[in-house]
Amino acid sequence: MDESALRYFASQGDTRRVNAEIARLRALYPNWTPPSDMSQLSGTVTVDPIIDRLWNLYKEDRIAEVRAAIAERQSSNPNWKPPEELTTALETTEARRRLTNAFDSGQWRTVLTIATENPNLLTCVNVDVLWRVAEAFVKTEQSDRGRDVYTYLLTNCANPGERLATLQKALGLLPDNQVADLLQFERKTGNEPDNFDSIREELARRRVERASNDEKMTATAEDLAVVERMTRNSDEPGPVLVLAWYNYHHGNPARALDLFKTALNRKGGNKAAEGYAMSLRALERLAEAEAFAYDWRDKAPENMKVYLDVATALLSQDPPPRLEPRIVARIVPIVISQRFPDGAQALGWYAYNTSQFQTARGWFRQALDWRADDEPSAYGLALTTQRLNDRAGFSTIVAQWRDRSERIADLADGTVPRAAPQRIPSVQTAQPADTLPQVPMRPAPARAETSRTVVEASSLPVETRPRTVTVETRTGARRGCLVTRNPEGLAPGAAVTLGWCLMEANRPLEAVSAFDEAIRRGGGRTRQEAAYGKSLAYLRKNLTSEAAVAAAQAPQTGERRIELSASILSQRAVAAYRNGRYVETILALSERARIVPEQTDLMLIRGWSYYKLGRYQDAEKVFRAVQRTGNSEDASVGLNAVMEARIPARQ
């Protein structure tokens, strides 16, 4: 065997290459034993200037120049041959380079071919080559062969850093059980014992993470304790998030909420926010969840999905909550932009449960536009259409859905109460938007305006003073109520007469008692008259909801039905405006505008509502429309306000 390379590196004092050459020779000649005293080798080296120059070039990794020098020497002396050791060293270096290039190019089988043809590469001197070969085995679906390479490395190579790095490499490529098997090679004695605790922690974290995504899986107490310890020993959000999701999916949202909060503080980002909102939802703290999720909705698709889910749940509470207008106002455009049918359905039920039936019908129609087979929305549409006494529309819906919805068929057959409450199930998925839709409310043909409206505007804000209109009361045959009388026991007709008398005397609450007596005991036309009077009495006192209930106590003629609906919606719009609920104001006015033309005082309210919401272009259109009716003074105030509001934007 040729020891010239060993002697040369020894003479140069190059310990690293001496060790590499010893490892190479051992691989080739297992029975060979290196000399115990390397100084003896350095003293026996033969000084050949040409060979010395070639080894120097090799030492400096200038392989191409070594090859050129060898070719130059052989051109002048064809019988000259470089030392075998140098030739082998060059071939080994070149093979390692080819293997590395193939690996970097993802040519896994080429990597394995080069390794097979150059076994002298597969030594602890070339740990990097061993790692690449192991990965090539895994990439070619030979994970057992890859594990064998790691096993060889752990049983033969001594460097502690390289041994730990070997486990870390395996952790990224092998199944957890094979990595766990490799832990048995941990050296706990000697001058440099191993410390594979970080590998054990990572395996425990992975097991908890898998269980955190599957509520049917349970992590062991030992693994949970390991992850708990990791959360305390690091400021990283990763282990905290794993533990948080585990608690969330295993029925402990309160603990999950605390952990997600910690993850947020550690810059856990979108996933921490997603979990925090979902935990609030699980704890039924829906208002907090909606407010929090709103701020994160655009960070990632998952955050948007959570927001829509939370907003839908908020709207779908039973009994329906009284939501602030700004909350509804921010939910609506997001539901539209995301074309989210469950959100439209939830808005439909919210409107239905707050007696905004026209609005509810619009949202149910929108939900069906986005998801044509959505039976709950069809049912909502049937209910609201029936509630609005739109018999033709109701018949159309029944014809379309009778065979697909048992409860719609029951509704048509009269076996379901008309005002059955409805909640929709929890929403799990959002549908991405293709284009922004139009406002979901569908216009309906305007009907003729009646002479009766009920807006009383004495306390409206200064910027809008809609003209006061009053409830017309019945006249004639309304005498004899100057003295308070108990209506109980009166004939139904007499009770109605007393009710109108009290209305004329501006004693509407007493009139309600009289009308109630007529409703309780009277026949068809008497009950109709009494319900009509009772509804007007409540409207006189601004008890809008009670007026709506009273109007439904007996069927009304078409004209009266329109009259009462318009009056009720007018009162709702004014009340909402007074309370600063501008979105509700616009919704009520829009609903009213579908059945009767909008009068100028209510147009002013609409314009100021748009103004308050920052919709200056819409506000300007309305004020200009009012101006064209001749109401220039009030309209000018609004137009000036719009111009003032736009000045900063122009600058």
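Presented here is an overview of the structure given in this document. Note that the structure is predicted; figures quoted are calculated from it, not measured.

**Some remarks on the packing of helix α20 (residues 341–353) against helix α21 (residues 357–370)**
Reasoning step 1: Remark: α20 packs on α21, axes separated minimally by 8 Å, with the N-to-C direction vectors making an angle of 165°. Judged on the interaxial angle alone, α21 and α20 are roughly antiparallel. For the crossing formed where α20 meets α21, the hand is left-handed. Contact with α20, carried on its side by Pro341, Ala344, Gln345, Leu347, Gly348, Trp349, Ala351 and Tyr352, involves Phe357, Thr359, Ala360, Trp363, Phe364, Ala367 and Trp370 of α21 and no other residues of that element.
Reasoning step 2: A class-by-class count of the residues in the contact of α20 with α21 yields 12 nonpolar, 3 polar and no charged.

**Looking at unusual backbone geometry**
Reasoning step 1: Positioned with a positive phi, aspartate 61 is a non-glycine residue whose angle comes to about 65°.
Reasoning step 2: As for its placement among the helices and strands, aspartate 61 is situated in the loop between α4 (49–59) and α5 (63–76).
Reasoning step 3: Relative accessible area serves as the criterion here: at 40%, aspartate 61 is assigned to the partly exposed category.
Reasoning step 4: Of note in the backbone geometry, lysine 267 takes a positive phi value of approximately 60° without being a glycine.
Reasoning step 5: As for its position among the elements, lysine 267 is in the loop between α15 (253–265) and α16 (269–282).

**Remarks on the packing of aromatic side chains**
Aromatic rings considered in pairs are described by the distance between their centres and by the relative angle of their planes.
Reasoning step 1: Tallied over the entire structure, the rule returns 17 aromatic pairs.
Reasoning step 2: For the pair tryptophan 55 and tyrosine 58, a centre-to-centre distance of 5.6 Å together with 85° between the ring planes defines the contact as edge-to-face. A residue pair is termed a helical-turn pair when its members lie 3 or 4 positions apart in one helix, as tryptophan 55 and tyrosine 58 do in helix α4 at 3 residues.
Reasoning step 3: When its relative accessible area of 2% is taken as the criterion, tryptophan 55 is described as buried.
Reasoning step 4: In this structure an aromatic cluster arises from ring pairing among Trp349, Tyr352, Phe357, Phe364 and Tyr379.
Reasoning step 5: Lying over the aromatic face of tryptophan 401, arginine 404 brings its terminal NZ or CZ to 4.0 Å of the ring centre.
Reasoning step 6: Taking the ring centre of tyrosine 379 as reference, the NZ or CZ of arginine 407 above it sits at 4.2 Å.

**With respect to α21**
Reasoning step 1: For α21, which comprises 14 residues, the first-to-last C-alpha distance of 20 Å matches the rise-based estimate of 20 Å (1.5 Å per residue) to within 8%.
Reasoning step 2: All of the buried residues in α21 are Phe357, Gln358, Thr359, Ala360, Arg361, Gly362, Trp363, Phe364, Gln366, Ala367, Leu368 and Trp370.
Reasoning step 3: Buried residues in α21 make contact with α19 (325–338), α20, α22 (375–387), α23 (391–401) and α30 (582–593).

**Topic: the nonpolar core**
Buried together is how nonpolar side chains tend to be arranged in soluble globular proteins.
Reasoning step 1: With 53 residues, the main nonpolar core has Phe260, Tyr276, Phe292, Leu315, Ile331, Val335 and Trp363 as its most contacted residues.
Reasoning step 2: With 9 residues, helix α18 (residues 301–315) is the single largest residue contributor to this core.
Reasoning step 3: What valine 335 contacts, discounting residues up to four positions off in sequence, is Leu308, Phe340, Gly343, Ala344, Leu347, Trp363 and Trp370.
Reasoning step 4: In terms of nonpolar packing, the next biggest core, distinct from the first, is built from 34 residues, Ala95, Phe137, Phe196 and Ile199 among them.

**A closer look at the pattern of salt bridges**
Reasoning step 1: One pass over the full model with this rule turns up 38 salt bridges.
Reasoning step 2: Where arginine 297 meets aspartate 298, a salt bridge forms, and the shortest distance between an N and an O atom there is 3.7 Å.
Reasoning step 3: With a closest N to O distance of 3.1 Å, arginine 624 and glutamate 620 form a salt bridge. Placement of both arginine 624 and glutamate 620 in helix α32 (residues 616–628) is noted, with a separation of 4 residues, approximately one turn of the helix.
Reasoning step 4: Through salt bridges with shared partners, one network takes in Asp176, Glu202, Arg205, Arg206, Glu209 and Arg210.

**Here we look at the side chain of glutamine 356**
Reasoning step 1: In this structure, glutamine 356 sits in the loop between α20 and α21.
Reasoning step 2: Not counting residues up to four positions away in its chain, the partners in contact with glutamine 356 are Ala351, Leu587 and Glu591.

**Examining the environment of threonine 585**
Reasoning step 1: Tracing the backbone shows threonine 585 in helix α30.
Reasoning step 2: Given a relative accessible area of 0%, threonine 585 falls into the buried group.
Reasoning step 3: Discounting residues that sit within four places of it in the chain, threonine 585 has contacts with Ala573, Ala576, Tyr577, Ile605 and Ser609.

**Here's the deal with the state of the cysteines**
Disulfide: a covalent bond formed between the sulfur atoms of two cysteine residues.
Reasoning step 1: Tallied over the full model, the rule gives 1 disulfide.
Reasoning step 2: Across the disulfide, cysteine 124 is cross-linked to cysteine 157 (sulfur-sulfur distance 1.9 Å). Classification of the bridge connecting cysteine 124 and cysteine 157 rests on its S-S torsion, roughly -90°, and on that basis the disulfide is left-handed. Separated by 33 residues along the polypeptide, cysteine 124 in the loop between α7 (108–117) and α8 (127–139) and cysteine 157 in the loop between α9 (143–156) and α10 (160–173) bring together distant segments of the chain.
Reasoning step 3: On the accessibility criterion, cysteine 157 (2% relative accessible area) is buried.

**Here's the deal with helix α26 (residues 508–521)**
Reasoning step 1: With 14 residues, α26 extends 20 Å from end C-alpha to end C-alpha; this agrees with the ideal 20 Å at 1.5 Å per step.
Reasoning step 2: Turning to α26, its buried residues number three or more, namely Pro508, Ala511, Val512, Ala514, Phe515, Glu517, Ala518 and Ile519.
Reasoning step 3: Residues of α26 that are buried in the fold lie against α25 (492–504) and α27 (524–540).

About the cut-offs
Residues numbered from 1 in each chain as written. Predicted model: local features only at pLDDT ≥ 70, side-chain atom pairs only at ≥ 80, totals over all residues. Heavy atoms only, no water. Axes fitted to C-alpha atoms, helices over the stretch in contact; angles between N-to-C directions. Helix = DSSP H or I, 4+ residues; strand = E, 2+ residues; numbered from the N terminus. Parallel < 35°, antiparallel > 145°, perpendicular 65-115°, else oblique. Left-handed = near helix turned anticlockwise from the far one by under 90°. Contact = heavy atoms within 4.5 Å. Nonpolar A, V, L, I, M, F, W, Y, C, P; charged D, E, K, R; others polar. Buried < 20%, exposed > 50% of the residue type's maximum accessible area, 1.4 Å probe, protein only. Phe/Tyr/Trp six-rings, centres within 6.5 Å; stacked < 30°, edge-to-face > 60°. Lys NZ or Arg CZ within 6 Å of the ring centre and 35° of its normal. Expected span 1.5 Å × (residues − 1). Core = buried A, V, L, I, M, F, W, Y, C linked by side-chain atoms within 4.5 Å. Salt bridge = Lys/Arg side-chain N within 4 Å of Asp/Glu carboxyl O. Disulfide = S-S within 2.5 Å.

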